[in-house]
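Residues per chain are reported as follows:
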Amino acid sequence: MMNRRRQHDGDDDGYEHRNRKRRRVSENQEIEDRLESLILRVGERSTSSVESNLEGLVSVLEADLGTFRLKILRILSECAVKMPEKCTIYTTLVGLLNAKNYKFGGEFVDHMVKTFKESLKLCRWDAARYSLRFLADLVNCHVISVTSLLQLLDTIIDVSNEDTVPQVRRDWYVFAVLSTLPWVGRDLYEKKESSLESLLLRIEVYLNKRSKKHHNALRVWSVDAPHPQEEYLDCLWAQIRKLRQDNWAEKHIPRPYLAFDSILCEALQHNLPQIVPPTHHESYEYPMPSVVYRMFDYTDCPDGPNLPGAHSIERFLIEEHLHHIIEMHHLERKDCAAQLLDFPYKSKIPLEYCIVEVIFAELFHMPTPRYIDIVYGSILIELCKLHPATLPQVLAQATEILFMRIDSMNTSCFDRFVNWFSYHLSNFKFTWSWEEWDSCLLLDTEHPRPKFIQEVLQKCLRLSYHQRIMEMMPETYSKLLPVPSQPNYKYASEEAGPFTAIEKYCPTYYITTADLGVYKAIPNCSLAGTQVAHQLVVAIRQKCSPEEVINILKELPNSGENSDQEMSDSSFNPLKIDVFVQTLLNLGSKSFSHSFAAVSKFHLVFKALAESEEAQICILHNVFELWQNHQQMMVVIIDKLLKIQIVDCSAVATWIFSKEMTGEFTKMYLWEILHLTIKKMNKHVIKLSNELNDAKEKFAKADSSSSDSEDEATPKRKKPVTVVDKPTEEMVERMEEKLEAANVDQKRLFLIVFQRFIMILSEHLVRSDTDGRDPDTDWYRWTVGRLQQVFLMHHEQVQKYSGTLETLLFTSDLDSHILEVFHQFVALRA
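Let me begin by describing the structure that accompanies this report. What you are looking at is a predicted structure, and each value in this text was computed from that prediction instead of being measured. (Residues numbered from 1 in each chain as written. Predicted model: local features only at pLDDT ≥ 70, side-chain atom pairs only at ≥ 80, totals over all residues. Heavy atoms only, no water.)

## Some points on the overall build of the protein chain
Piece 1. In terms of regular secondary structure, the protein chain is built from 34 helices and zero strands.
Piece 2. Taking all 830 residues of the protein chain together, the buried fraction comes to 51%.
Piece 3. Across the protein chain, every contact between residues at least 6 apart in sequence was considered, and the portion connecting residues at least 24 apart equals 75%.
Piece 4. Of the accessible surface of the protein chain, which amounts to about 39,800 Å², a share of 51% is contributed by carbon and sulfur atoms. (Helix = DSSP H or I, 4+ residues; strand = E, 2+ residues; numbered from the N terminus. Buried < 20%, exposed > 50% of the residue type's maximum accessible area, 1.4 Å probe, protein only. Contact = heavy atoms within 4.5 Å. Areas by Shrake-Rupley, 256 points an atom, 1.4 Å probe, with all protein chains shown as cover.)

## Comments concerning the packing of aromatic side chains
Piece 1. Tallied over the entire structure, the rule returns 47 aromatic pairs.
Piece 2. Here F421 and W434 contribute two aromatic rings whose centre-to-centre distance is 6.2 Å and whose plane-to-plane angle is 70°, an arrangement assigned as edge-to-face. Placement of the pair is F421 in helix 16 (residues 411-427) and W434 in the loop between helix 16 and helix 17 (448-463), with a sequence separation of 13 residues. Both residues of the pair, F421 and W434, count as buried.
Piece 3. Positioned above the aromatic ring of W183, the side-chain terminus of R133 is 3.9 Å from the ring centre.
Piece 4. Note that R405 overlies the ring of W221, its terminal NZ or CZ placed 3.7 Å from the centroid. (Phe/Tyr/Trp six-rings, centres within 6.5 Å; stacked < 30°, edge-to-face > 60°. Lys NZ or Arg CZ within 6 Å of the ring centre and 35° of its normal.)

## Thoughts on helix 8 (residues 193-209)
Piece 1. For helix 8, spanning 17 residues, the distance from its first C-alpha to its last is 25 Å, which sits close to the expected 24 Å at 1.5 Å a residue.
Piece 2. In the core, the buried residues of helix 8 are packed alongside helix 6 (146-157), helix 7 (167-191) and helix 9 (232-245). (Expected span 1.5 Å × (residues − 1).)

## Points about empty space enclosed by the protein
Piece 1. Inspection of every chain in the model, using the stated rule, returns two cavities of 30 Å³ or more.
Piece 2. Each pocket or cavity is described by its volume, and for the largest cavity that value is around 200 Å³.
Piece 3. The wall of the largest cavity is formed by 16 residues, among which P84, E85, R133, W183 and H321 lie closest to the centre.
Piece 4. Contributions of two or more residues to the lining of the largest cavity are made by helix 3 (87-100), helix 5 (125-140) and helix 11 (313-329).
Piece 5. Of the residues belonging to the lining of the largest cavity, the class tally is eight nonpolar, four polar and four charged.
Piece 6. Two domains each provide a minimum of three residues to the lining of the largest cavity, namely domain 1 (27-265) and domain 2 (308-477). (1 Å grid on protein atoms, 1.4 Å probe; cavity = no way out; pocket = protein on both sides within 12 Å on 5 of 7 lines; lining within 4 Å. Points joined across faces, edges and corners; volume = space filled by probe spheres on them. Nonpolar A, V, L, I, M, F, W, Y, C, P; charged D, E, K, R; others polar. Domains from an automatic or database assignment.)

## Re the side chain of E382
Piece 1. Position of E382 relative to the elements: it lies in helix 14 (residues 373-386).
Piece 2. In contact with E382, other than residues within four places in its own chain, are R333, K334 and A337.

## What about the packing of helix 23 (residues 574-587) against helix 26 (residues 613-627)?
Piece 1. The contact between helix 23 and helix 26 brings their axes to 9 Å, and the two run at 40°. As far as their axial angle goes, helix 26 and helix 23 are oblique. Handedness of the helix 23/helix 26 crossing: right-handed. Contacts between helix 23 and helix 26 involve P574, I577, D578, V581, Q582, L585 and N586 on the former and, on the latter, A615, C618, I619, N622, V623, E625, L626 and W627.
Piece 2. Looking at the contact of helix 23 with helix 26 residue by residue, the classes come out as 10 nonpolar, three polar and two charged. (Axes fitted to C-alpha atoms, helices over the stretch in contact; angles between N-to-C directions. Parallel < 35°, antiparallel > 145°, perpendicular 65-115°, else oblique. Left-handed = near helix turned anticlockwise from the far one by under 90°.)

## Some points on helix 34 (residues 816-827)
Piece 1. Here helix 34 is 12 residues long and its end C-alpha atoms lie 16 Å apart, about the 16 Å a rise of 1.5 Å per residue gives.
Piece 2. For helix 34, every residue scored as buried is listed here: I818, L819, V821, F822, Q824, F825 and A827.
Piece 3. On its buried face, helix 34 sits against helix 30 (729-771), helix 31 (778-793), helix 32 (795-798) and helix 33 (802-808).

## Comments concerning the side chain of R170
Piece 1. Considering the arrangement of structural elements, one finds R170 in helix 7.
Piece 2. D163 provides the closest opposite charge to the buried, salt-bridge-free R170, at an N-O distance of 5.8 Å.
Piece 3. Setting aside chain neighbours within four positions, we find R170 in contact with V159, S160, E162, V165 and Y206. (Lys, Arg positive; Asp, Glu negative; His and termini not counted. Salt bridge = Lys/Arg side-chain N within 4 Å of Asp/Glu carboxyl O.)

## Things to note about the nonpolar core
Piece 1. Counting residues in hydrophobic clusters, the biggest one holds 174 residues, and the most contacted among them are F360, W434, F452, I453, F580 and F810.
Piece 2. Counting residues in hydrophobic clusters, the runner-up holds 87 residues, among them C87, V113, I156 and W237. (Core = buried A, V, L, I, M, F, W, Y, C linked by side-chain atoms within 4.5 Å.)

## Describing the pattern of salt bridges
Piece 1. Enumeration according to the criterion identifies 42 salt bridges in this entry.
Piece 2. Taking the shortest distance from any N to any O, the salt bridge between E672 and R462 comes out at 2.9 Å. Highlighted residues: E672 in helix 29 (residues 668-711) and R462 in helix 17, separated in sequence by 210 residues.
Piece 3. Shared partners join several salt bridges into a network, and the residues in it are R294, R315, E319 and E357.

## Here we look at the packing of helix 2 (residues 50-82) against helix 4 (residues 102-121)
Piece 1. Packing of helix 2 against helix 4 brings their axes to within 10 Å, and their N-to-C directions diverge by 40°. By the angle between their directions, the pair helix 2 and helix 4 is classed as oblique. As helix 2 runs across helix 4, the sense of the crossing is right-handed. Every residue of helix 4 that contacts helix 2 at L65, R69, I72, L73, R74, L76, S77, A80 and V81 is listed here: F104, E107, F108, H111, M112 and T115.
Piece 2. Of the residues belonging to the contact of helix 2 with helix 4, the class tally is nine nonpolar, three polar and three charged.

## Looking at a negative patch on the surface
Piece 1. Residues E729, E730, E733, E737 and E740 make up a contiguous surface patch of negative charge.
Piece 2. Within the secondary structure, E729 sits in helix 30. (Patch = residues over 30% accessible without salt bridge, like charges linked within 9 Å, V, L, I, M, F, W, Y side chains within 5 Å. Charge placed at Lys NZ, Arg CZ, Asp CG, Glu CD.)

If you want it as structure tokens, here you go:
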């Protein structure tokens with residue numbers, strides 16, 4: 001009993017010990033969470049000032065440094081990178097902590113240096129730039145010495161002198177230094193003016209010699225009136241020079257550390273260690289160059305505060321801050337709109353104009369926007385709801401400016417403008433003052449202004465219905481209105497015979513067995529295949545099988561080139577394809593779902609008919625013949641045919657550039673089809689590449705684990721490696737072959753596209769030269785724009801084949817107008 005009792009007491013002690021330990025861990029977690037919350041929220045709106053908030057937080061953190069030092073270091077360094085808009089608040093906090101605890105200040109500097117170096121190594125360019133800015137601002141708080149910061153900036157600028165590295169690498173390092181100077185320029189100017197001037201001179205030398213061939217490819221407009229389309233580094237350099245003229249005095253950055261100058265100036269400073277940027281590696285991807293978007297100037301903002309000038313540093317700082325808000329909140333449109341309108345310095349600037357300009361700058365960013373078009377459209381809608389008195393008017397003014405300048409707008413930006421405007425109209429009852437744009441009705445329909453309205457109405461049709469579009473437009477715009485989206489079934493036309501009345505005017509008419517005699521009694525119809533088409537309608541409505549459809553189609557003679565030869569069932573027969581595709585899709589014309597169901601059910605028939613690329617092009621031709629008045633239906637059906645592998649990507653590309661599509665060549669939907677085709681091919685290659693890499697990793701791991709177990713003197717029992725865990729060598733080889741084949745298909749697709757572009761553009765230029773006409777027509781500008789769009793939208797994939805393209809297609813004997821587009825593309829990553 002005694003033993004048992006003693007053992008029981010011991011258990012109680014153990015329980016208490018565990019409970020105390022659990023309680024202590026729980027208490028520590030609560031304190032850590034509270035500290036994190038206090039640090040994250042410092043400087044946000046409260047009844048007290050930022051300075052008093054900082055004083056209180058310093059007292060709390062100083063007391064907890066002994067226990068929670070690592071946690072505090074981690075939180076502060078994360079805030080430096082993730083909350084750059086509060087940079088000066090956190091540098092002040094670190095400065096005050098450093099003044100009280102020199103050791104902690106040194107540890108924090110080491111931590112930030114480590115963050116900066118890791119960000120560079122991992123190609124986290126924004127994080128690296130914010131880390132550099134934070135280190136620079138610590139100079140203002142007397143945490144880091146001016147001399148050691150200048151040494152770091154000089155080391156970074158050394159990258160601009162590197163040879164045999166991409167220009168985008170050198171550009172980024174120069175941009176990182178220039179974008180840091182607004183924070184620390186004044187201090188450097190007062191304490192080390194000659195060193196600062198030497199640094200700026202080195203930057204100027206680099207900027208004067210760098211290539212800007214990429215500039216034209218990234219412009220929103222091809223002309224500089226009324227606002228110059230400045231290259232981003234040139235613009236920032238002009239802003240920094242203006243700041244230097246103003247003795248480095250700017251009016252946008254809050255500097256709470258000035259209130260604590262008497263405390264901070266007595267603190268001991270730390271020297272930054274030697275930081276050498278990592279050498280260039282082929283796998284590194286650097287940010288691409290850009291062009292600074294300008295829409296408004298001070299004359300566009302009649303009331304309230306003035307818009308800062310294009311070359312004032314305030315314009316750069318405001319825009320960068322607004323871009324960061326969009327980046328942080330773009331997934332929640334309501335939060336994003338609220339945060340934009342709650343901009344801290346809204347009383348000093350015409351905020352609505354700045355916000356609209358920045359959102360359109362994101363939407364029109366070349367080569368591609370950061371986010372999908374609807375992100376920006378939805379944020380603008382929320383902004384209009386939150387500020388109905390002012391924002392809709394500013395947005396209408398912006399739309400007017402864009403429409404007036406659309407003649408020189410980049411083709412990719414034209415598409416985005418169409419997509420945004422149609423979406424915006426659909427959310428505001430399709431209300432717009434169309435009469436103000438009446439002048440465009442006098443222009444040729446290929447001119448960008450009437451073309452814009454035509455494309456907008458086509459997109460509105462997707463978001464509404466035909467009658468609604470007819471009602472919303474003035475009668476004067478009748479020639480730009482879309483036609484009703486009805487199928488054009490050729491076997492129900494007047495020439496096709498007596499089937500007209502049933503199928504043309506009542507496509508959902510249900511055929512009974514009593515009707516069969518009517519079709520059998522039809523005399524020789526003028527359109528070949530009509531009788532079989534009618535039989536097919538009856539069979540499909542009676543839920544026949546794919547095999548039965550194939551048997552019905554056997555009755556059709558071969559009207560193709562090989563009609564004299566003996567044909568197998570699967571041989572290319574244009575008439576079979578005509579009858580089957582038109583009849584099936586017409587029967588499924590009620591909705592997208594009906595069409596998809598029809599295609600899926602008769603997948604076997606499609607596969608039998610589409611064995612060659614020629615046959616696949618014939619299928620696409622019939623889709624177009626049937627649905628030429630319904631652009632969206634064509635897009636979704638072709639997407640479906642690609643998905644279920646009825647047609648190949650190369651067949652779609654060849655069809656788009658075929659003579660029968662000449663009349664559609666400048667319409668947006670055709671290029672929508674081309675881009676979805678290229679994206680599908682790109683996704684397929686990326687998927688196979690990822691699968692192969694995963695398989696290789698698993699194979700290597702399995703090999704190393706098995707060799708390790710063999711090397712051990714006393715091998716341990718290990719979990720057996722299954723086939724799923726370890727791919728065999730044969731499996732990896734098969735995957736490599738599949739990837740290689742996919743890469744060949746991808747290269748072929750791009751070669752087809754670019755070759756066709758070169759052919760039609762060259763023909764146009766030669767014909768214009770022969771006829772003595774100006775080649776710079778609307779058609780020519782649209783086509784060159786589409787060529788440029790393919791390069792830029794798919795730049796990551798096209799880049800892989802730039803050497804092949806230069807060797808085979810974009811050779812020196814090509815017309816300079818076409819060649820220039822290729823050279824601009826190559827310069828993006830040169």
